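Topology and contacts: notes
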Amino acid sequence: MGKSNTSSIQEIAHMNESNKDHYQLDPENTLESLGVDRETGLTSDEVKKRLEKYGTNTFEKGKEKTLWDSFLKQIKNPLVYILFGALVATIFLEEFLDAIVIAIAITLNTVIGMVQEGRASQAFQKLSESQEKFASVIRNNKRSVISTEKLLPGDIVLVEAGSNVPADLRIIESRNLQTDESALTGESKAVSKTSDAITEEAEITEQKNMAFMGTLAVAGSGVGVVTATGNQTEIGKIAKNLATLEAAKTPVQENLESLASLLAKGVVFILAFVILVGVLQDRALGETILISVAIAVSILPEGLPASVTVVLAIGMEAILKKGGLVKNLLAAETLGSTTTILTDKTGTLTQARMSLDEIITTSTIDEESKDDKVDPIDDQDQRSLLLTALRASDAFVTEEEGEIVVKGRPIEKALLEAALKLDISKEKLDKEQKQLDFLPFESKNRFAASLNETPQGEILHISGAPEVLLNSANRIFIDNEDKEITDDIREKFQKRLKSESEKGSRVIAISYKPSSKNELAQYRNEDTEKLLDDSIFVGLITLKDPIREDVPKAVSTALEAGTRVIMLTGDLPETAKSIAVEAGIATEKSQVILGKETTKMEDKELLGVLKNNTVFARVLPDQKLRISELLKQDKEIVAMTGDGVNDAPALRNANIGVAVGSGTEVAKASSDLILLDDSFAIVVSAIAEGRRIISNLKKITSYLLSTNVGECIALVGSLVLAFPLPLLPTQILWVNIIGEGLLNFALAFEPAEKGSMKRSPRIASMRNVLSINVKKLILIVGISTGVILLSLFYFLLQTTLSIEEVRTIMFITLSMGTTLYAFSFKNLTHSIFKTNLFSNRFLIVALFINIFILYLSLTVPALQTLLSLVPLSIDILAIALAASVANLIVIELGKVIVFGRNRAK
């Protein structure tokens, strides 16, 4: 939602009296009015009672679309309008059999569209069900993670930067909490939140102590108590109004509708031409109208829009099965055109299953690496380092289905998991030294900090980038006391840092310092690095995050597909290069470019660097955004991965924003593709599926348009040559709806062509469905088909066969032809004799169904009457088969003419 909804939101802003009461109360009275204790949260018994009273935290579904709604949607199409016109004309002419067939054709086309769109809707539903969201709450005196649907009024919710606000909350604690309320107000500026009561009446935009469902926490952290859920929230009220709005059409759908409109105009022009010729030839009005109806139904590819929807929906489902959640149809198509992937490292290339590897203090820095580096910790300094790291972390332990689960960022999870193995309780630590304030990790600061109350006073525990903390410290922790740090000690740590990074280890540094709430409040927004002044360096912690096993192969596949892979990471250059080399993104000779170096480059210079380098380290989000924008300006199709709040602008700016499943809600909201298990391999699989989508769209479009152009040319040619009508409208509709309908649907299931991931996406024809070559093929096949049909019709008219027998032969020729042509269109660039004809079981099934239906139409008396067909001898049927085979050969020659040279290249 954006600015267009602002006025409607303001109109209902005054309606929420419950929120009004809460924002005017102080935190203590708010908690009392909601019957909840800040430390305990809701108890299990209270949860049951409130669930019965308030229900789940979900919106009431809008009016579900009925079959009638779906039916009406299908007939609102310029192609169907023309068929209705044909229906009226045949009724007027008392050609009731034709009218019945046209009515059946309209119904069948509509039903097919309804079924296909229903399939697409099911795919979208699966995608929606995969996006379950969670909230961190206090219940039964414990912190736990629950589905946002289970939130209830009175729940104590912990809000952190990067998360969605899961319900309407009264803020009772704010640590520089800021939210993006553009979903409600249309204003993208972050709003600072406070816990102070507001005594005067205030609109939503002025309620600084409320956080509303659907908004995003973009900075800081805080604690809120739920005041409203589901439809009672401000966004819930808006959801009621928006439930009836139609989903926006993708550019692909709009292009197809434009094509339909163009064809409709073409039909009108041709009909005018037909009437003019009919008048000049003194044809009867009824005959002229009948010819017009036949031409109208021949040129229209009735099933094209619905077929495209199915291709895209099937592609989205296929990507979902591989672990990728595509959020819109357009993204599914665009993926196939990706020329550059900008990828993060942690979790995307690596497993994001970090484990504590080694604890390095001043007393152990000279020791050789041990196989058993963590368990047990005999050294007091090592233990102190781990305890300090735990206090600087906001990871926590919860219980899910009877099992202990650690929640938090990968690094902090690894620290807490290692502590649990050593029987160190984070909960006990928090009780011993109460947390007074917390500064979450942000990429621009490169550290996190926790202010705790200790017997020695208020202490700030810090965890972050080694070079930042090491350079800022003026003292060091040795033998359980702090001493002045020397240049020699700094150099030892720097050398160790470099050697560990070169091995691919993730390294963090730990420091602490006496501090205060006032100091943290003073510097947390600006000059944050000053919080590190006069800090005491404790040591380094190394963590291992192995590369995903499928990444090297995925990178190799991407490179073969002509898609460049560039790593943009916040890690140290040595770590970045080590992982990049292992993944196949770089070589040992590759240069690593630092983020700060890119800021000194002009756009042209940076673009040159991007074309010759693939590893960028210590990159900040704004630098990612600039890199993405430069590549887009250079006509690249960019897919970018990200996970943080600050990655959101770059994700939104990229052609395909890719958020990792473990990333922040802000990143996911800004993306087009979500990697459910974070793996880079999913991106490459999605690109392969995107290419299959484009390829199948080309096949279906070429198949439908070329056969229809052929029919139209045969009919118009017969008119100009003063021949009788070669095919009746009912016969044409039968072929187009029954014959082509099954086959074009089957083509949607065509598997990826061999070598599709070895074609360069930079070739324009790879990106466009109706490329120049596809248009050439449609014209060549259409014209050749039309000429062959017209020639056959002329030949048959010279025989002694009746017009009914001639039309029956023409009907069989067209029916058999469209069935055979589908196999030719399985591969637009290679001969049918070099194509695996059995690779698509749906097409094989459609083939046998079509043959059976053709047999029925020729042998069942009722169908013979309906279609104006007559029995034929076997030798005459051979004529139809020969003409169909001849046309198939011409189509194959057309493919050679259009694509032969490109294939040779």
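See the structure printed just above.
Residues numbered from 1 in each chain as written. Predicted model: local features only at pLDDT ≥ 70, side-chain atom pairs only at ≥ 80, totals over all residues. Heavy atoms only, no water.

1. Some remarks on the packing of helix α27 (residues 680-720) against helix α30 (residues 772-797)
Operational definition: A fitted line through C-alpha atoms serves as each axis, taken over the contacting stretch for helices, and the angle formed by two N-to-C directions is quoted from 0 to 180°. Only DSSP runs of H or I reaching four residues or more are called helices, and only runs of E reaching two or more are called strands; each is numbered from the N terminus. The hand of a helix crossing depends on one turn: near helix anticlockwise from the far one by less than a right angle means left-handed, and clockwise means right-handed. Any two residues having at least one pair of non-hydrogen atoms within 4.5 Å are treated as being in contact. Note on residue categories: nonpolar means Ala, Val, Leu, Ile, Met, Phe, Trp, Tyr, Cys or Pro, charged means Asp, Glu, Lys or Arg, and polar means any other residue, Gly included.
Put simply, α27 and α30 touch, their axes get as near as 7 Å, and they point 35° apart. Considering the relative orientation of α27 and α30, their crossing is right-handed. The residues of α30 that touch α27, namely those facing K698, T701, S702, L705, S706, V709, G710, I713, A714, G717 and S718, are V774, I778, V781, G782, I783, T785, G786, L789, L790 and F793. Of the residues belonging to the contact of α27 with α30, the class tally is 11 nonpolar, nine polar and one charged.

2. Remarks on unusual backbone geometry
Note the following rule: Using a 1.4 Å probe on the protein chains alone, a residue whose accessible area is under 20% of its type maximum counts as buried, one over 50% counts as exposed, and one in between counts as partly exposed.
A positive phi is found at N141, a non-glycine position, where the angle reads about 65°. Mapped onto the elements of the fold, N141 is located in the loop between β1 (134-139) and β2 (142-147). Notably, D423 is not glycine yet its phi reads approximately 60°, a positive angle. Take D423: it is sitting in the loop between α15 (410-421) and α16 (426-432). Classification of D423 by relative accessible area gives exposed; the value is 71%.

3. Things to note about a negative patch on the surface
Here is the rule: Patch membership is restricted to residues that have no salt bridge and whose relative accessible area is over 30%. Joining uses 9 Å for like charges and 5 Å for the nonpolar side chains Val, Leu, Ile, Met, Phe, Trp and Tyr. A 1.4 Å probe and the Shrake-Rupley method give the accessible areas. Residues count as covered only by the protein chains that appear here. The salt bridge definition used is simple: a Lys or Arg side-chain nitrogen within 4 Å of an Asp or Glu carboxyl oxygen. This count recognises Lys and Arg as positive and Asp and Glu as negative, with His and chain-terminal groups excluded. By convention, the point assigned to a charge is CZ for Arg, NZ for Lys, CD for Glu and CG for Asp.
Among the surface-exposed residues, E526, D527, E529, D533 and D534 lie close enough to one another that they form a single negatively charged patch. By relative accessible area, which is 37% here, D533 ends up partly exposed.

4. Remarks on helix α14 (residues 380-391)
What counts here: Here a helix's expected span is defined as the number of its residues, less one, multiplied by 1.5 Å.
Relative to the 16 Å expected for 12 residues at 1.5 Å per residue, α14 spans 17 Å between its end C-alpha atoms, a close match to the ideal helical length. Across the 12 residues that make up α14, a large majority, 10, are buried. Of the residues making up α14, those classed as buried are D381, Q382, S384, L385, L386, L387, T388, A389, L390 and R391.

5. Focus on the nonpolar core
Applied cut-off: In this text, buried Ala, Val, Leu, Ile, Met, Phe, Trp, Tyr and Cys residues form a nonpolar core when linked through side-chain atoms within 4.5 Å.
With 42 residues, the main nonpolar core has I270, I295, L725, M810 and F811 as its most contacted residues. Counting only elements with at least two residues in this core, the list comes to α10 (251-280), α11 (285-299), α27, α28 (729-747), α30, α31 (803-824), α32 (841-859) and α34 (874-904). Discounting chain neighbours no more than four positions away, the residues touching L725 are L290, I291, A294, L715, F793 and R807. Counting residues in each nonpolar core, the second largest holds 39 residues, with L349, V592, L675 and A686 among its members.

6. Details of the pairing of strand β18 (residues 506-514)
The condition that has to hold: Strands are treated as partners if at least two bridges between them are detected by DSSP.
Among the nine residues in β18, eight count as buried, and that is most of the element. By the bridge criterion, six bridges tie strand β15 (residues 457-464) to β18 in an arrangement that is antiparallel. Bridge pairing in β18 links S463 to I510. Sheet topology note: the β18/strand β19 (residues 535-544) ladder contains seven bridges and is antiparallel. Its bridge partner being in β19, R506 is matched across the sheet by L543.

7. Here's the deal with helix α20 (residues 551-560)
So the rule is basically this: Taken from the helix axis, the directions to the C-beta atoms give the arc we talk about.
Within α20 the residues assigned to the buried category are V551, A554, V555 and A558. For α20, the arc enclosing every buried residue in end-on projection is 100°, short of the 170-degree limit, so these residues lie on one face. Among the structural elements, β20 (564-568), α21 (573-583) and α27 are those in contact with the buried residues of α20. A positive phi of about 80° marks G562, the residue just after α20.

8. Concerning the pairing of β2
Bridge analysis of β1 against β2 gives six bridges, and the strand direction is antiparallel. Bridge pairing in β2 places A135 opposite I146. Between β1 and β2, which follow one another and run antiparallel, lie two residues, and N140 among them has a positive phi close to 55°.

9. Notes on the environment of T799
Heads up, the rule is: Polar contacts, as counted here, are pairs of nitrogen or oxygen atoms within 3.5 Å of one another; within protein the pair requires one atom able to donate a hydrogen and one able to accept it, and residues that are adjacent in sequence qualify only if both atoms are side-chain atoms.
Looking at where T799 falls in the secondary structure, it is placed in the loop between α30 and α31. A relative accessible area of 31% places T799 in the partly exposed class. Engagement of the side chain of T799 in a polar contact is seen with the backbone nitrogen of L801, the distance being 3.3 Å.

10. Considering the packing of aromatic side chains
Where we set the bar: Paired rings are identified among Phe, Tyr and Trp, the last through its six-membered ring, by centres lying within 6.5 Å, and are further divided according to the angle between planes into stacked (under 30 degrees), edge-to-face (over 60) and tilted (the rest).
Using the criterion set out here, one finds seven aromatic pairs in the structure. An angle of 75° between the planes, with centres 5.1 Å apart, marks the rings of F493 and F537 as edge-to-face. Remark: F537 occurs in strand β19 and F493 occurs in helix α18 (residues 487-502); sequence separation between them is 44 residues. For F493, a relative accessible area of 1% gives the class buried. Relative accessible area serves as the criterion here: at 0%, F537 is assigned to the buried category. Each member of the aromatic cluster is reached from another via a ring pair, and the members are F723, F793 and Y794.

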